[in-house]
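So you can see what is in the structure, the chains are spelled out below.
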Amino acid sequence: MYQLFLDTTNKKLTVVLLQNNNILVSTSFDAWQKQTELALTTIDKLLVKCQLKLKDINQVVIASGPGSYTGIRIAFTFVKTLKVLNPLLSIFIVNSLLLQVGLQKAVSILLAYNKKSYLAVYDKGKIIIAPQLVDNNAKIGIVSDLLNYVLIEDLQGCDIVSNFQSLVPHFTEIKSINELQPCYINDPFSQA
């Protein structure tokens, strides 16, 4: 079975090709605001390197957000198109905040917008504080209350490729393409 892991939600573009959960090839590099241009060409380069075609992929796992709206849409559009071309394709999602920390006991923070951050707290993949949008004061308060948790912020010092592999039991399977929903977190106090 060939698998493709894809994260386009934040400043790094991460693509991993696996065969039976063993990494064949991977790449993870800064691509802030270039995800649209680089995602498909990067996937294609890795497929060529492994002498595979898109039709050979049996399973795709994408980061579902939170993160860049455009980045999230890139992965979702890609996987929906691939599902149309290959109805037998299995699709899984993983939250970007969980992907950042893997199985660590950690506070996961990603830069959002308007001086706010996406924040969640995990312990071995279990949600302690659900993903949410917080201002700087709330972020400082949560972090100071959880001093025994590792702090991982904006992908600093994390290994997304290893985290993808370690989180396999925490992926959410998407049975129907209609279930595929991005994790957009909006400010609850903003005007609709």
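It should be emphasised that the depicted structure is a prediction, and the values quoted were computed from it without experimental measurement. (Residues numbered from 1 in each chain as written. Predicted model: local features only at pLDDT ≥ 70, side-chain atom pairs only at ≥ 80, totals over all residues. Heavy atoms only, no water.)

Q: Help me get a handle on the packing of aromatic side chains, residues and values and all.
A: Under the defined criterion, the tally for this structure stands at 4 aromatic pairs. Taking 5.6 Å as the distance between ring centres and 85° as the angle between the ring planes, the aromatic pair formed by Phe5 and Phe171 counts as edge-to-face. With Phe5 in strand 1 (residues 2-7) and Phe171 in the loop between helix 5 (160-166) and strand 10 (172-174), the pair connects residues that are 166 residues apart, well separated along the chain. Taking the relative accessible area as the measure of exposure, Phe171 reaches 12% and is therefore buried. A connected cluster of aromatic rings, assembled from ring pairs, spans Phe5, Phe92, Phe164 and Phe171. One Lys or Arg, Lys105, reaches over the ring of Tyr149 and ends 4.9 Å from the middle of that ring. (Phe/Tyr/Trp six-rings, centres within 6.5 Å; stacked < 30°, edge-to-face > 60°. Helix = DSSP H or I, 4+ residues; strand = E, 2+ residues; numbered from the N terminus. Buried < 20%, exposed > 50% of the residue type's maximum accessible area, 1.4 Å probe, protein only. Lys NZ or Arg CZ within 6 Å of the ring centre and 35° of its normal.)

Q: How would you sum up the pattern of salt bridges? Please name residues and give values.
A: A full pass over the atoms with the stated rule returns 2 salt bridges. Glu173 is paired through a salt bridge with Lys175; the nearest N and O atoms lie 3.4 Å apart. By relative accessible area, which is 35% here, Glu173 ends up partly exposed. Relative accessible area serves as the criterion here: at 64%, Lys175 is assigned to the exposed category. (Salt bridge = Lys/Arg side-chain N within 4 Å of Asp/Glu carboxyl O.)

Q: Residues and numbers for unusual backbone geometry, please.
A: Geometrically, the link from Gly65 to Pro66 is a cis peptide bond, its omega value of 10° lying close to zero. Here the phi dihedral of Asn20 falls at roughly 50°; this positive angle occurs in a residue that is not glycine. Looking at the secondary structure, you find Asn20 in the loop between strand 2 (12-19) and strand 3 (22-30). By relative accessible area, Asn20 is classed as partly exposed at 44%. Not every positive phi belongs to a glycine, and Lys124 is a case in point at roughly 55°. If you trace the backbone, Lys124 turns up in the loop between strand 7 (117-123) and strand 8 (126-134). The exposure class of Lys124 is exposed, given its relative accessible area of 62%.

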